[in-house]
Amino acid sequence: MTSQTTILIQHGLIKAETATQKDWQTIDTLRDKRFSLPLEWKQIQQLLNNHPNIRPYLYLSTGLDGLVLLNTDTGETASAQPLIFEILSNENDTMYHMVEQYVCRWSEATPTKTLIRQGRIDEAKQQIEHAVMLAPTALMELAYQLVPWKELADGQYQRLTALNVRKNEEYPTRQFDRHLVRLLRQTKPCAGGEGSLERTFDKPITVYRGEIDKSVHFGLSWTTSLNVAQKFAERFGKEGTVYSTVLKPEEILAAYADDGEQEVLAKVDASRVEVV
């Protein structure tokens, strides 16, 4: 099983190209009832044949929420779902041509790896930022993993991008967090200057974490605000638990600046945690 497939499974997504014929027969039946998926299985197969760099993904975690097309060369994504509202039509051929026309524009884009090899680093970074920023929340990690980070060889920029991706993911995967911990330990904080993503500390700080039954116990995300932790412990009408601990500066992996949640990332020793 590839790492990309693992990410999809952990996010409750199904990789459309590996779905069985029976799966798609069910989808084709539901599409007439849910007004969500504008393309039929045979049309998606045709798109794949015409565009080898396209991968389709179906959101099935909260019902049949729609189809997302992903360009593996650039990380760019496009949702076919909004197209159905533009013409309010059930004419599948019209839908297919609209999606096909949009996807054809991707053929004009230079793959990120090619830009890097040509020394067009600024263009490559613009493409990466555009792809990650516009990716659906549950696919941001996948868009991030498509980036040829070894070829780019810029650890600080990778750190910046990874922290942005994690900040926008509601439930980051454990695989992504393991990768992030290694990256944060190998790079320095992106702090200093106007609009800095990170802040640093020169003395110990007290941090808190609010957990409910959906939470990863003692996960990476902590906060310097007790109020924020309490809100997380009360989400979805739950009565969760708030924990606290003291972190030395060297134990802090990263701390977001001006993010509203005062979030701090750290791997915390359970023996040092107290219930508030």
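Below: a short report on this structure. Since the model is a prediction, treat every value here as computed from it, not as a measurement.

Criteria and cut-off values
- Residues numbered from 1 in each chain as written.
- Predicted model: local features only at pLDDT ≥ 70, side-chain atom pairs only at ≥ 80, totals over all residues.
- Heavy atoms only, no water.
- Helix = DSSP H or I, 4+ residues; strand = E, 2+ residues; numbered from the N terminus.
- Buried < 20%, exposed > 50% of the residue type's maximum accessible area, 1.4 Å probe, protein only.
- Contact = heavy atoms within 4.5 Å.
- Areas by Shrake-Rupley, 256 points an atom, 1.4 Å probe, with all protein chains shown as cover.
- Polar contact = N/O pair within 3.5 Å; in protein donor to acceptor, adjacent residues only side chain to side chain.
- Pairing = 2+ DSSP bridges.
- Core = buried A, V, L, I, M, F, W, Y, C linked by side-chain atoms within 4.5 Å.
- Salt bridge = Lys/Arg side-chain N within 4 Å of Asp/Glu carboxyl O.

The subject of this paragraph is the overall build of the protein. Helix and strand counts for the protein come out as twelve helices and ten strands. A burial count over the protein gives 45% of its 276 residues as buried. Counted over contacts in the protein with a minimum sequence separation of 6, partners at least 24 positions apart contribute 63%. Looking at the protein as shown, the accessible area adds up to about 14900 Å², and 47% of this sits on carbon and sulfur atoms.

In this section: the side chain of Glu 263. By the secondary structure assignment, Glu 263 is in strand β9 (residues 263–265). Residue classification places Glu 263 among the buried positions, given a relative accessible area of 7%. Of the polar contacts made by the side chain of Glu 263, one reaches the side chain of Lys 167; its length is 2.3 Å.

To continue, consider the pairing of strand β7 (residues 241–247). Counting buried residues along β7, five of its seven residues qualify, which places the element largely inside the surrounding structure. Where strand β5 (residues 205–211) lies against β7, seven bridges are found, and the strand directions are antiparallel. Note on β7: the bridge partner recorded for Thr 206 is Val 246. Where β7 lies against strand β10 (residues 274–275), two bridges are found, and the strand directions are antiparallel. Note on β10: the bridge partner recorded for Tyr 243 is Val 275.

Our next topic: the environment of Glu 100. Looking at where Glu 100 falls in the secondary structure, it is placed in helix α5 (residues 92–104). With a relative accessible area of 15%, Glu 100 lands in the buried category. Not counting the four nearest positions on each side in its chain, Glu 100 is found in contact with Leu 47, Asn 50 and His 51.

This part covers the side chain of Glu 198. Relative to the elements of secondary structure, Glu 198 occurs in the loop between α11 (174–186) and β5. Residue class for Glu 198 comes out buried when judged on its relative accessible area of 4%. Within the structure, the side chain of Glu 198 is placed 2.8 Å from the side chain of Arg 159, a separation counted as a polar contact. Polar side-chain contacts of Glu 198 include one of 2.7 Å to the backbone nitrogen of Cys 190.

Below, the discussion takes up the nonpolar core. Core analysis: the biggest nonpolar cluster contains 27 residues, and Ile 128, Tyr 144, Trp 149, Leu 163, Leu 180, Leu 184 and Leu 265 have the highest contact counts within it. Those elements that place two or more of their residues in this core are α6 (112–117), α7 (121–134), α8 (140–145), α9 (149–152), α10 (155–168) and α11. Considering every element that reaches this core, the biggest residue donor is α11, with five residues.

With that settled, the discussion passes to the pattern of salt bridges. Scanning the entire structure with this criterion turns up eleven salt bridges. A salt bridge links Asp 177 to Arg 166; the shortest N-O distance between them is 2.7 Å. Note that Asp 177 is positioned in helix α11 and Arg 166 in helix α10, a separation of eleven residues in sequence. Side by side, Asp 177 and Arg 166 carry an identical accessibility label, which is buried. We note a salt bridge from Arg 272 to Glu 251, for which the minimum N-O separation is 2.6 Å. Of this pair, Arg 272 sits in the loop between β9 and β10 while Glu 251 sits in the loop between β7 and β8 (254–255), and the two are 21 residues apart along the sequence.

So yeah, pure geometry; function would need other evidence.
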